[in-house]
Amino acid sequence: MMKGSYCEEKKDCRATTGRAALLARPNVLSLQPYRCARDDYDSGILLDANENALGPASLPTNSLDPYDNGMELERYPCPYQRNVKQLLCDYRNAKARSAGHDGPDIRPENVFVGVGSDEAIDLLIRIFCKPGRTSGVGDAIMITPPTYGMYKVCANVNDVGIQSVPLTEDFDLQVPEILDAVTPETKMIFACSPGNPTSKSIPFSDILKLANSSRYHGLVIVDEAYVDFSSTPSATALVAEHDNIVVLQTLSKAFGLAGIRCGFAIGPPDVIQLMNNVKAPYNVNKLTSDAAANALKNTDILERNVVDNLAQRAIVKEELEGLDFVVNVYPSDANFLLFRVKQKANEVYKKMADKGVVSRFRGKELHCNECIRVTIGTPEENKKFLCMLKQTYAEIAS
C-alpha cells in the first residue's frame, strides 16, 4: 500500500517563521488542522473514509452513455490538487520568462487551489484579521474603490474593519495616500489588477512600492482575475522574491470556465500553508480538478480565445466611441469595456436587459457616474448589443 504523493503538504501544522507567523491570528497559528483520510493513504483497498465502494448513483450527463466512471467519483478527491498546481506553475513561469522575467519560479508550495478566488479572499481575511469591527476593535483591510465588491462583503461577514483610499479619477492607485492611511491594524491591501469595474492594470512599480514600504508590514493582495487579457505581466513573477505579495487568479474569465468555480492564491509558502490548514478538507471536487487540469494542459485554446476577444474589444470600443451620446470609453486591459453616456445610464441598462441584452449598470460606483460595463461577447452578441444600445438610447432621449 502506497502513501499518497500529496500527503506531505499538510504535515507542517504551524507556520512558525516568516511574515505569516507575524501577521496571522494566534488561534490560527496554533491550529491543529483536520487530518482527512487522503492525508494518509490514497491507494490500495480503501476502507478508511466511509465512501460508498459500490460506486456513484449517477454521473455527469456526458458520461452516462457509454458509462464512464474513470474519475472514480465514489472516492474523495485529492485534498491539495498538486497536479493542477504544477500545471499552473508551469504556465505562469513560462509566461513570466517570455515577458523577460529572470527571477525564481513559483512552485506548487506557492499555490492554493480553491472555489474561485472568492474562497481565497475569505480565507485570507479569516486567517490574518482579528474580528471585532462592530465593537470598535479588531483588524482591518484596505480597499481602493471603485473595486471588486467581495473584499468588502467578506470583511463585513468576518466583522473586520474596512479602510478605503479611492483610486484617482483616471483609476490609478494613490500609493502615498494608501501608505499614509495604513495603521498597525491594517493586515492586507487589496489591489485589483486589472480592476473591476475600471478594467485598468496596476503597474509593478506601484505594487512594489506597497510591498517594499517600511511603513506597511501587512500583505499586498493582487487580484488578477483578468490578467490574461492585459499586456501587463502577472505579479506571480514577484511572489518568489517577496514574502508579503499574494496573487489571486481564476479560471472563470480568460479560460472560460466560470461554471467549474476554480481559483488560485499564489503566495509565500507560509501563507499558503496556513490556507491549506484552514480550508475545508476536500474543497475542490474531482470534476472541477479534471476540467482545470485539461485547460492548463491546452493553453493554446486560451491564447486563441484571448486574441479573438481582444480583436472584438477593439471593434466594440471603436463603435462606442463613434456614438454621439457616449461621453467616454475607458481604456481596457480586461474582457469588458466601461463607458459613460450623457444621461439615464440606469434606464438604458434596464430597458436593454428587459429586451434580452444584459450589461451592467455601474453608475453607483465611485468615479463611474452614468457608466455601463459591457462584457465582450461573440461577434453576433456584440453587434446585437450595439444595435440595441443605439435604439434604446434614442427611445429614452426622445
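Scroll up for the structure.
Bear in mind the structure is a predicted one, so any value in this text is a computation, not a measurement. (Residues numbered from 1 in each chain as written. Predicted model: local features only at pLDDT ≥ 70, side-chain atom pairs only at ≥ 80, totals over all residues. Heavy atoms only, no water.)

S.K.: Help me out: how do you make sense of the side chain of Asn309 in this one?
M.R.: Structurally, Asn309 can be placed in helix α11 (residues 299-321). Note on Asn309: relative accessible area 12%, which makes it buried. Once you skip the residues sitting within four places of it in the chain, Asn309 turns out to touch Phe229, Asn335 and Ile376. (Helix = DSSP H or I, 4+ residues; strand = E, 2+ residues; numbered from the N terminus. Buried < 20%, exposed > 50% of the residue type's maximum accessible area, 1.4 Å probe, protein only. Contact = heavy atoms within 4.5 Å.)

S.K.: Whenever I open this one, the side chain of Asn110 confuses me. Can you help?
M.R.: For Asn110, the location among the structural elements is in the loop between α3 (82-98) and β1 (111-114). Setting aside chain neighbours within four positions, we find Asn110 in contact with Val239, Ala265, Ile266, Gly267, Pro268, Pro269 and Ile272.

S.K.: Help me understand the packing of aromatic side chains, please; the structure alone is not making it clear to me.
M.R.: The way to describe two aromatic rings as a pair is by their centre distance and the angle between their planes. Inspection of every chain in the model, using the stated rule, returns 8 aromatic pairs. Taking 6.3 Å as the distance between ring centres and 75° as the angle between the ring planes, the aromatic pair formed by Tyr91 and Phe255 counts as edge-to-face. Of this pair, Tyr91 sits in helix α3 while Phe255 sits in the loop between β6 (245-250) and β7 (263-266), and the two are 164 residues apart along the sequence. Assigned by exposure class, Tyr91 and Phe255 land together as buried. The interplanar angle of 20° and the centroid separation of 4.5 Å between the aromatic rings of Tyr151 and Phe190 together place this pair among those described as stacked. (Phe/Tyr/Trp six-rings, centres within 6.5 Å; stacked < 30°, edge-to-face > 60°.)

S.K.: Sorry if this is basic, but what is going on with the environment of Phe171 here?
M.R.: For Phe171, the position within the fold is in the loop between β3 (161-164) and α6 (175-181). Phe171 sits in the buried class, given a relative accessible area of 5%. Taking the C-alpha atoms as reference, Phe171 lies 27 Å from Glu303; in sequence the two are 132 residues apart. Aside from chain neighbours lying at most four places away, what touches Phe171 is Pro146, Thr198, Lys200, Tyr330, Leu338, Leu366, His367 and Cys368.

S.K.: Can you walk me through the sheet that holds strand β9 (residues 336-341) in this structure?
M.R.: Backbone hydrogen bonds are what pair the strands of a sheet, in a parallel or an antiparallel way. Spatially, the 4 strands line up as an open sheet ordered β8-β9-β11-β10, and their pairing is antiparallel. Edge positions in the open sheet fall to β8 (326-329) and β10 (360-361), since each of these has one partner strand only. Taken together, the 5 bridges between β9 and strand β11 (residues 371-375) define a ladder with antiparallel strand orientation. Residue pairing across strands places Leu337 opposite Val374, the latter belonging to β11. (Pairing = 2+ DSSP bridges.)

S.K.: How should I be thinking about unusual backbone geometry in this particular structure?
M.R.: Residues other than glycine predominantly adopt negative phi, and peptide bonds predominantly adopt the trans conformation. Of note, the bond from Ser193 into Pro194 is cis; its omega dihedral lies within 30 degrees of zero at -5°. Take Pro194: it is sitting in the loop between β4 (186-192) and α7 (204-211). A cis amide bond links Asn196 to the next residue, Pro197, at an omega of 20°. In this fold, Pro197 is placed in the loop between β4 and α7. One non-glycine residue, Asp159, lies in the positive phi region at around 55°. Relative to the helices and strands, Asp159 resides in the loop between α5 (150-157) and β3. Positive phi, normally seen in glycine, also occurs at Phe171, with a value near 70°.

S.K.: What's the story with the environment of Ala254 in this structure? I'm lost.
M.R.: Relative to the helices and strands, Ala254 is located in the loop between β6 and β7. Residue class for Ala254 comes out buried when judged on its relative accessible area of 8%. Taking C-alpha positions, Ala254 is 14 Å from Ser332, a pair spaced 78 residues apart along the chain. Filtering out sequence-adjacent residues up to four positions away, Ala254 remains in contact with Asp228, Phe229, Leu302 and Val306.

S.K.: Could you clarify how one ought to interpret the nonpolar core in this entry?
M.R.: When a protein is soluble and globular, its nonpolar side chains tend to lie buried together. In terms of nonpolar packing, the biggest core is built from 87 residues, with Leu124, Ile125, Phe128, Ile141, Met188, Phe264 and Met275 touching the most fellow members. Looking at which element gives the most residues to this core, the answer is helix α4 (residues 116-128), with 7 residues. Among residues more than four places away in sequence, those in contact with Met188 are Leu124, Ile125, Phe128, Cys129, Ala140, Ile141, Met142, Tyr216, Leu219 and Ile221. Listed in part, the 23 residues of the second largest apolar core include Leu320, Leu323, Phe339 and Ile372. (Core = buried A, V, L, I, M, F, W, Y, C linked by side-chain atoms within 4.5 Å.)

S.K.: Would you mind going over the pattern of salt bridges with me for this structure?
M.R.: When the charged atoms of two side chains lie near each other, side chains of opposite charge can form a pair. Counting across every chain of the model gives 17 salt bridges. Here Arg126 makes a salt bridge to Asp122, at a shortest N to O gap of 3.0 Å. Of the two residues, Arg126 and Asp122 are both situated in helix α4; the distance of 4 residues between them amounts to about one turn of the helix. Taking the relative accessible area as the measure of exposure, Arg126 reaches 32% and is therefore partly exposed. Three or more residues joined by partner-sharing salt bridges are found here, namely Arg38, Asp48, Glu51 and Arg75. (Salt bridge = Lys/Arg side-chain N within 4 Å of Asp/Glu carboxyl O.)

S.K.: Could you clarify how one ought to interpret α5 in this entry?
M.R.: In an α-helix, one turn spans 3.6 residues; hence positions three or four apart end up facing the same way. All buried positions along α5 are accounted for by Tyr151, Cys154 and Ala155. Along the long axis of α5, the arc covered by the buried residues comes to 100°, so they all point the same way. Looking at the buried positions of α5, the neighbouring elements they touch are α4, β2 (140-143), β3, β4 and β5 (219-223). Immediately downstream of α5, the backbone of Asp159 shows phi near 55°, a positive value. (Arc of directions from axis to C-beta.)

S.K.: I keep staring at the sheet that holds β1 and nothing clicks. Help me out?
M.R.: What the 7 strands build is an open sheet, ordered β1-β7-β6-β5-β4-β2-β3; its pairing is mixed. Strands with a single pairing partner mark the edges of an open sheet, and in this sheet they are β1 and β3. Here the average twist between neighbouring strands, direction ignored, is 20°. The pairing of β6 with β7 spans 4 bridges and is antiparallel. Across the sheet, the residue bridging to Val247 is Ile266, located in β7. Against the sheet, helix α9 (residues 269-278) makes contact with β1, β5, β6 and β7, and its axis sits at roughly 30° relative to β1, the strand it touches most. (Axes fitted to C-alpha atoms, helices over the stretch in contact; angles between N-to-C directions.)

These results come straight from atomic positions and should not be treated as a statement about function.
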